[in-house]
Amino acid sequence: MKKIDYINQIIIYTNGKTGLNYQYVIGDILKIYFEDYKNQKYNMYRHYGGDKKNDGWVEEKAIFYQIYSPVNI
């Protein structure tokens, strides 16, 4: 597959997702990307338990993600 094919698949997969569903979908995509293509561990908190606005991170690279999507489109 070409890079544009992967981008189009991500757009289709995330289309219409809102709120926590969007956060989970993006977390799944980042997990696949980092673990399958970069050989790095991606960690993601679930929304409960006090994530302190850190929605995911790659510890060995000190890369942190904050993912937000409104409840309504």
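All residue numbers refer to positions counted from 1 along the written sequence of the respective chain. Per-residue local features are limited, in this predicted model, to residues with pLDDT of at least 70; the limit for side-chain atom pairs, both in listing and counting, is 80 or more; totals at the level of whole chains, interfaces and linings are taken over all residues. Side-chain numbers here rest on the full set of heavy atoms in the structure, without hydrogens or water.

Visitor: Go over the overall build of the protein chain with me, naming the residues and quoting the values.
Guide: Across its full length, the protein chain holds two helices and two strands. Here a helix means four or more residues in a row that DSSP labels H or I, a strand means two or more in a row labelled E, and each is numbered from the N terminus. Starting at the N terminus, the α and β elements of the protein chain follow one another as α-α-β-β. Once the C-alpha set of the protein chain is aligned to its principal axes, its extents read approximately 40 × 35 × 15 Å. Each of the 73 residues in the protein chain was classed as buried or not, and the buried ones make up 30%. Split by element, the accessible area of the protein chain, about 5,700 Å² in all, is 54% carbon and sulfur. A distance of 3 Å separates the average location of the 10 positive side-chain charges in the protein chain from that of its 8 negative side-chain charges. Exposure is judged per residue with a 1.4 Å probe applied to protein chains only, and the accessible area is read against the type maximum: over 50% gives exposed, under 20% gives buried, and values in between give partly exposed. All accessible-area figures derive from a Shrake-Rupley calculation using a 1.4 Å probe, and residue coverage is judged against the displayed protein chains alone. Counting rule applied: Lys, Arg positive; Asp, Glu negative; His and chain ends not counted. Note that the charge is assigned to NZ on lysines, CZ on arginines, CG on aspartates and CD on glutamates.

Visitor: Tell me about unusual backbone geometry, and name the residues and values.
Guide: In this structure, Asn39 is a non-glycine residue whose phi angle is positive, near 55°. Not every positive phi belongs to a glycine, and Ala62 is a case in point at roughly 55°.

Visitor: Any chance you could break down the pattern of salt bridges for me, citing the residues and the numbers?
Guide: A pairing counts as a salt bridge when a side-chain nitrogen of Lys or Arg comes within 4 Å of a carboxyl oxygen of Asp or Glu. Inspection of the entire model under this criterion finds one salt bridge. With a closest N to O distance of 3.1 Å, Glu35 and Lys31 form a salt bridge. Here Glu35 and its partner Lys31 are both found in helix H2 (residues 19-37), four residues apart, which amounts to about one turn of the helix. Judged by its relative accessible area of 29%, Glu35 is partly exposed.

Visitor: Run through the packing of aromatic side chains, naming residues and quoting values.
Guide: Pairing of aromatic rings covers Phe, Tyr and Trp, the last counted by its six-membered ring, and requires centre-to-centre distances within 6.5 Å; plane angles under 30 degrees mean stacked, over 60 mean edge-to-face, and any other angle means tilted. Following the criterion strictly, the structure yields four aromatic pairs and no others. Aromatic side chains Tyr42 and Tyr65 sit 6.2 Å apart centroid to centroid with 65° between the ring planes, which places their arrangement in the edge-to-face category. In this pair, Tyr42 is assigned in the loop between H2 and strand E1 (56-58) and Tyr65 in strand E2 (residues 63-65), connecting sequence segments 23 residues apart. Accessibility expressed as a relative area gives 2% for Tyr42, which makes it buried. Taking relative accessible area as the criterion, Tyr65 reaches 26% and is therefore assigned partly exposed. Three or more aromatic residues link up through ring pairs in this structure, and these residues are Tyr33, Phe34, Tyr42 and Tyr65. Comment: the charge-over-ring label is applied if NZ (Lys) or CZ (Arg) is within 6 Å of the ring centre and within 35 degrees of the ring normal. The lysine or arginine in question, Lys17, covers the ring of Tyr13, its NZ or CZ lying 5.7 Å from the ring centre.

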